[in-house]
Amino acid sequence: MLGQVAGIVRVRMFYLQLQYKCNMRCKTCFHGKLLDAPDQFTLAEACAILDHFREVYQLEAVTLLGGEPLLYPYIEDVAAHAKRSGLRVEICTNAHRGFRSRIQAVAPWLDKFRVSLDGLKGRHDVIRQAGSFEGAIEMVDLVRELGITTGATMTVTEDNLDDVVPLARLLEAHGVEELKLHALRLVGNAAENPDLAVVDAARYASLHQQIHDAELRIRIVYDSDLSPEPAGEQCSNLVADGWLDRIEADPRGGLTVSCKAVGRDVNAFRWDKTAHAINYEPRATDEFAVGIPDVIYATAQAR
């Protein structure tokens, strides 16, 4: 269906949101009230969607997400299925120290363990919960001892911009190989905390310079809104003709194919959990255009 409507024939990474349920209520979370929603993939549904994308779209890897993926009851089974199917398997978690046994159980199936951090201890704990920073670092050390590559993800806000380089240095000391930086988008819980938004874009330029001058060993990865490279005419998610870097599925079956669509229910493609197939549900032009990259939208309109 993606190929017929939008010319998509290959997808590198699948972001699978297994459920909305989470043990935290972070101020930057784009899910907002959905954190209380009961929606989730069953084990069979999760395996089916991964198999479909692997067989039809040459899928290479999956990142397991939530909510909090370590609260998902079948997390080990999904990770094992994905790994046995030949996919690279990552997980992105808040890494609460209460998940120690679950982390140990899922570790044999992981290629990368990624933890969400929102700055150094003081700022992180304010955004998430007291004690969560130290717990997350403890779990990073645990995973490294288990021989798993580690990474981190940080949502950049007005309050934590100056923490990026110090946090990167701390993560280097703990053997973390990669830090991904995301821009805050004012949806979900973040919409109730607009003071966290970076208003002055010049602050991003200053951040890029700080990172450059720091000569960090850890790899820094930027999302499209934070990249020091000039923005192109199309979404950075589109690698080449018909080849997407990533697609994300939410627990209700919505498929997000745009790097700009976080937190928006505007996707024209949906996964039918019963039929194990992708459905195309065109919306109004303005909504559809927001939900997918311009170049894909133009292709779909021409078909």
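Scroll up to find the structure this text is about.
Quick notes on the rules
Residues numbered from 1 in each chain as written. Predicted model: local features only at pLDDT ≥ 70, side-chain atom pairs only at ≥ 80, totals over all residues. Heavy atoms only, no water. Helix = DSSP H or I, 4+ residues; strand = E, 2+ residues; numbered from the N terminus. Buried < 20%, exposed > 50% of the residue type's maximum accessible area, 1.4 Å probe, protein only. Contact = heavy atoms within 4.5 Å. Areas by Shrake-Rupley, 256 points an atom, 1.4 Å probe, with all protein chains shown as cover. Expected span 1.5 Å × (residues − 1). Arc of directions from axis to C-beta. Pairing = 2+ DSSP bridges. Right-handed = clockwise from strand over helix to strand, strands pointing away. Core = buried A, V, L, I, M, F, W, Y, C linked by side-chain atoms within 4.5 Å. Phe/Tyr/Trp six-rings, centres within 6.5 Å; stacked < 30°, edge-to-face > 60°. Lys NZ or Arg CZ within 6 Å of the ring centre and 35° of its normal.

1. Some remarks on the overall build of the chain
So, point 1. Scanning the chain for helices and strands turns up 10 helices and 12 strands.
So, point 2. Within the span of the chain, comprising 303 residues, buried residues form 53% of the whole.
So, point 3. Summarising the internal contacts of the chain: among those between residues at least 6 apart in sequence, 72% fall at separations of at least 24.
So, point 4. Of the roughly 13300 Å² that the chain leaves accessible, carbon and sulfur atoms contribute 48%.

2. A closer look at helix α8 (residues 202-214)
One turn of the α-helix equals 3.6 residues, which is why residues spaced by three or four share an orientation.
So, point 1. With 13 residues, α8 ought to run about 18 Å at 1.5 Å a step, and its terminal C-alpha atoms sit 19 Å apart, in line with that.
So, point 2. Where α8 is concerned, the buried positions are Tyr204, Leu207, His208, Ile211 and Ala214. For α8, the angular spread of the buried residues around the axis is 130°, confining them to a single face. Residues of α8 that are exposed and angled more than 90 degrees away from the buried face: His212 and Asp213.
So, point 3. For α8, the elements touching its buried residues are β5 (149-156), α7 (164-173), β6 (178-183) and β7 (219-222).

3. Overview of the pairing of strand β4 (residues 112-116)
So, point 1. Within β4, five of the five residues are buried, which leaves it mostly tucked inside the rest of the structure.
So, point 2. Neither face of β4 is left uncovered, since the one carrying Lys112, Arg114 and Ser116 and the one carrying Phe113 and Val115 both have all their residues buried.
So, point 3. Two strands pair when backbone bridges link them, and strand β3 (residues 88-93) and β4 are joined in this way by four bridges, in the parallel orientation. Opposite Thr93, over in β4, you have Val115 as the bridge partner.
So, point 4. Running through helix α4 (residues 100-106), the crossover from β3 to the neighbouring parallel element β4 is right-handed.
So, point 5. The pairing of β4 with β5 spans five bridges and is parallel. Paired with Phe113 across the strands is Thr150, a residue of β5.

4. What about the nonpolar core?
So, point 1. Judged by nonpolar contacts, the single largest core of 73 residues is most densely connected at Phe14, Leu16, Ile49, Leu50, Phe53, Leu64 and Leu255.
So, point 2. Tallying contributions element by element places helix α6 (residues 132-145) first for this core, with seven residues.
So, point 3. With near-sequence residues (within four places) excluded, Leu50 lies in contact with Phe14, Leu16, Leu59, Val62, Val78, Ala82 and Leu87.
So, point 4. Counting residues in hydrophobic clusters, the runner-up holds six residues, among them Cys22, Cys26, Cys29 and Ile127.

5. Remarks on helix α3 (residues 75-84)
So, point 1. Turning to α3, its buried residues are Ile75, Val78, Ala79, Ala80 and Ala82.
So, point 2. Buried residues along α3 sit against α2 (43-57), β2 (61-65), β3 and α4.
So, point 3. With its phi angle positive at about 100°, Gly86 sits one or two positions after the end of α3.

6. Let's talk about the packing of aromatic side chains
So, point 1. For the structure shown, the criterion picks out three aromatic pairs.
So, point 2. Ring centres of Phe14 and Phe53 lie 4.6 Å apart, and the angle between their planes is 50°; this geometry places the pair in the tilted category. Of this pair, Phe14 sits in strand β1 (residues 10-17) while Phe53 sits in helix α2, and the two are 39 residues apart along the sequence. Considered together, Phe14 and Phe53 belong to a single accessibility category, that of buried residues.
So, point 3. With centroids separated by 5.2 Å and ring planes inclined at 35°, the aromatic side chains of Phe53 and Tyr57 adopt a geometry described as tilted. Here Tyr57 and Phe53 lie together in helix α2, a separation of four residues that amounts to about one turn.
So, point 4. For Tyr57, a relative accessible area of 3% puts it in the buried group.
So, point 5. Grouping aromatic residues by their ring pairs yields a cluster made of Phe14, Phe53 and Tyr57.
So, point 6. The ring centre of Trp243 lies 4.1 Å from the NZ or CZ of Arg10, which sits over that ring.

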